[in-house]
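Letter by letter, the chains look like this.
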Amino acid sequence: QRNAELEEELREYYRTISELCTEVKSQSSTRKSLHATILQIRFRLAASSSPAVFFLSGGGTKRDELGKWRTRCEEAINPFETFRRRPYLTFEATGAYEALNPIEQGVLVFMHGIIGSRRTCTAFIFYGTALHLLVVVTVYECA
């Protein structure tokens, strides 16, 4: 009796999962087709003259204002732009940062400063290499 109930419940869960999977696939294909349509509209807007831009921008607004909204929309869609604009210390990382002792905090800030730009990173690599060579030469001369 109990096994039959559990098997029926399992079949029901399987049916629900299958329905949800098909719904996810359909939503994904719908999203892809919608994205393709949006790209086509953007291309046509860029290639067309001002009446379409006038209509889609909401009346007599300027063309550069439409460009501002377009870039804002593209930034919201682009995941790379989203991660690029993340702050140095997010809300989640603040607690971990505050849990460090002052020396570790100083080292972390120093290393973020070094890794922050390509020039400082390259200079730090050359500095470390030169320091190691100096130690090797000094030890070789003393021995």
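The following paragraphs examine the structure supplied in this document. (Residues numbered from 1 in each chain as written. Predicted model: local features only at pLDDT ≥ 70, side-chain atom pairs only at ≥ 80, totals over all residues. Heavy atoms only, no water.)

## As for the packing of helix 6 (residues 102-115) against helix 7 (residues 118-142)
- Between helix 6 and helix 7, whose axes approach to 6 Å, the crossing angle comes to 110°. If you check the angle between helix 6 and helix 7, you find them roughly perpendicular. When helix 6 is examined against helix 7, the residues Phe110, Gly113 and Ile114 are found in contact with a partner set consisting of Thr120, Cys121 and Phe124.
- Residue composition of the contact of helix 6 with helix 7, by class: four nonpolar, two polar and no charged. (Axes fitted to C-alpha atoms, helices over the stretch in contact; angles between N-to-C directions. Helix = DSSP H or I, 4+ residues; strand = E, 2+ residues; numbered from the N terminus. Parallel < 35°, antiparallel > 145°, perpendicular 65-115°, else oblique. Contact = heavy atoms within 4.5 Å. Nonpolar A, V, L, I, M, F, W, Y, C, P; charged D, E, K, R; others polar.)

## So, the packing of aromatic side chains
- One pass over the structure, following the stated rule, counts two aromatic pairs.
- The interplanar angle of 35° and the centroid separation of 6.4 Å between the aromatic rings of phenylalanine 124 and tyrosine 127 together place this pair among those described as tilted. Taken together, the residues span about one helical turn, with phenylalanine 124 and tyrosine 127 both in helix 7 at a distance of three residues.
- For phenylalanine 124, a relative accessible area of 34% puts it in the partly exposed group.
- One aromatic cluster is present, built from ring pairs that chain together Phe110, Phe124 and Tyr127. (Phe/Tyr/Trp six-rings, centres within 6.5 Å; stacked < 30°, edge-to-face > 60°. Buried < 20%, exposed > 50% of the residue type's maximum accessible area, 1.4 Å probe, protein only.)

## Overview of helix 6
- In this model helix 6 runs 20 Å from its N-terminal to its C-terminal C-alpha over 14 residues, within 8% of the 20 Å that 1.5 Å per residue would give.
- Two to three positions downstream of the cap, the backbone nitrogen of isoleucine 103 sits 3.2 Å from a side-chain oxygen, assigning the N-cap of helix 6 to asparagine 101. (Expected span 1.5 Å × (residues − 1). Polar contact = N/O pair within 3.5 Å; in protein donor to acceptor, adjacent residues only side chain to side chain.)

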